[in-house]
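Structural characterization, general
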Amino acid sequence: MYDKYPVYDVPQNNVIQRFLGQRWSAILIEIALTIVLALAAGRALDLFGPLPEQGTAAAVAGQGDAASDAARGLQVPLDLVKERGLEYVGAGQFEAAAAMFDLAIAVDAENASNYRWRGYIDMRAGAFEDAIKRYRRLLALEPKDFDGHNSLCWAYGETGEFTSALGHCDAALKTADDLTKYTIALENRCWLQVEMGELAAAARDCLQVLEINQPCAHEVCALAHYNLGRVFARQGQTRRALRQYNLAYEIGSTYSDMYLEIAAFYDRLGYRSAAQASFQRYQALVSNGSGGA
């Protein structure tokens, strides 16, 4: 619910073809980097089998089962590939991260964590339909995975599939094994219910988040105040909405759209300087690739 990144181009078809269909120059660079890492760790023995002789992306992607078999036959140091992928995630280089986790999935399709991270990358890219597929696969492997349910609450909410979203919100609350996860899931459901127009239910959830976390100065509370502001704004309670937006702004969040909406609200009230400051925060988050809760 809290990431708005441009959707990057990824080849169609299955996961293996997505990896093998990437530009070969980029793949070869990644292979070289992985080999260097493996050499440093003393594990560079037969890392990769022979690559397909036809070097174009189109030729590789068109090989069907042969391409799948080639990917399965790669002797890939998965720990290093995933480490590289996580480095790219941390740097906001999501296309490169996607290539690494596509490779990890192609080689080890039964590893739940590969789908968890690949789904996260899709969410950061705003590719919610793709994220839904990843997280559904994750839950097929680990039915009680908190991240899978919480992320599907958000992703289905973004695509307007509210019944499915609410079911996963509730499942996330049930699978949360500590209070931090519980309040994250509760705030997520608050956001969803604002989207659904269930304002009273949304307010109850966000107020509970704030009650659990008194006093609170971390992001989940900023988002709870923000969503309470959305509730009050939709109810025409301008002063109460303003107070909640002010609190959200003061605590701060990496969710860029929060600042965009607050800026628009301030502007409507004639608070031009405050609106400009909030808009600048929005621009800063968008420009550096930040944006998620």
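Residues numbered from 1 in each chain as written. Predicted model: local features only at pLDDT ≥ 70, side-chain atom pairs only at ≥ 80, totals over all residues. Heavy atoms only, no water.

**Brief notes about the pattern of salt bridges**
The test is simple: What makes a salt bridge here is a side-chain nitrogen of Lys or Arg within 4 Å of a carboxyl oxygen of Asp or Glu, nothing more. A run of H or I in DSSP becomes a helix once it reaches four residues, and a run of E becomes a strand once it reaches two; helices and strands are each numbered from the N terminus. For every residue, the accessible area obtained with a 1.4 Å probe (protein chains only) is divided by the maximum for its type, and the residue is called buried under 20%, exposed over 50%, and partly exposed between those limits.
Tallied over the entire structure, the rule returns 14 salt bridges. A salt bridge links Asp145 to Arg116; the shortest N-O distance between them is 2.4 Å. In this pair, Asp145 is assigned in the loop between α8 (128-141) and α9 (146-158) and Arg116 in helix α7 (residues 112-125), connecting sequence segments 29 residues apart. Across this residue pair, the class does not change: Asp145 and Arg116 are buried. Across the salt bridge formed by Asp177 and Lys181, the nearest N and O atoms sit 3.2 Å from each other. Residue Asp177 is classed as exposed on the basis of its relative accessible area, which comes to 58%. Relative accessible area serves as the criterion here: at 27%, Lys181 is assigned to the partly exposed category.

**Quick look at the packing of aromatic side chains**
Operational definition: Pairs were defined over the aromatic rings of Phe, Tyr and Trp, the Trp ring being its six-membered one, requiring ring centres within 6.5 Å. Orientation was assigned from the angle between planes: stacked under 30 degrees, edge-to-face over 60, tilted for the rest.
In total, this model carries eight aromatic pairs according to the counting rule given. With 4.9 Å between their ring centres and 65° between their planes, Tyr245 and Phe265 make a pair best called edge-to-face. Placement of Tyr245 in helix α14 (residues 238-251) and of Phe265 in helix α15 (residues 256-268) is noted, with a sequence separation of 20 residues between them. A relative accessible area of 1% places Tyr245 in the buried class. Relative to Tyr259, the ring of Tyr249 has its centre 5.8 Å away and its plane inclined at 80°; by these criteria the two rings are edge-to-face. Remark: Tyr259 occurs in helix α15 and Tyr249 occurs in helix α14; sequence separation between them is ten residues.

**Structural notes on the packing of helix α11 (residues 179-196) against helix α12 (residues 199-212)**
Put simply, the test is: Only the stretch in contact is used when fitting a helix axis, every axis being a line fitted to C-alpha atoms; angles between N-to-C directions are given from 0 to 180 degrees. Geometric relationships in this document are graded by angle, where less than 35 degrees denotes roughly parallel, more than 145 denotes roughly antiparallel, 65 to 115 denotes roughly perpendicular, and other angles denote oblique. For a crossing to be left-handed, the near helix must be turned anticlockwise from the far one by less than a right angle; the clockwise case is right-handed. Here, two residues are considered to be in contact whenever any of their heavy atoms come within 4.5 Å of each other. In the scheme used here, Gly and all other residues not listed as nonpolar or charged are polar, with Ala, Val, Leu, Ile, Met, Phe, Trp, Tyr, Cys and Pro taken as nonpolar and Asp, Glu, Lys and Arg as charged.
Between α11 and α12, the shortest axis-to-axis distance is 8 Å and the interhelical angle comes to 155°. If you check the angle between α11 and α12, you find them roughly antiparallel. The hand of the α11/α12 crossing is left-handed. Of the residues in α12, those in contact with Leu179, Tyr182, Thr183, Leu186, Glu187, Arg189, Cys190, Gln193 and Val194 of α11 are Leu199, Ala201, Ala202, Asp205, Cys206, Gln208, Val209 and Ile212. Its residues assigned to classes, the contact of α11 with α12 comprises eleven nonpolar, three polar and three charged.

**A short note on the side chain of Gln193**
Our working rule: Any N or O atom pair separated by 3.5 Å or less is treated as a polar contact, with the protein-specific requirement of one donor-capable and one acceptor-capable atom, and with residues adjacent in sequence counted only for side-chain atom pairs.
Residue placement: Gln193 occurs in helix α11. Polar side-chain contacts of Gln193 include one of 2.9 Å to the side chain of Asp205. Dropping the residues within four chain positions of it, Gln193 is found in contact with Leu166, Glu198, Leu199, Ala201, Ala202 and Asp205.

**Here we look at α7**
Selection criterion: Here, expected helix span is obtained from the residue count minus one, scaled by 1.5 Å.
The terminal C-alpha atoms of α7, which comprises 14 residues, lie 20 Å apart, in line with the 20 Å expected from a rise of 1.5 Å per residue. When you tally the buried positions in α7, you get twelve out of 14 residues, the bulk of the element. Turning to α7, its buried residues number three or more, namely Ala112, Ser113, Asn114, Tyr115, Arg116, Arg118, Gly119, Ile121, Asp122, Met123, Arg124 and Ala125. One or two residues past the end of α7 sits Gly126, with phi positive at roughly 75°.

Everything listed here is a matter of coordinates, which is why it stays silent on function.
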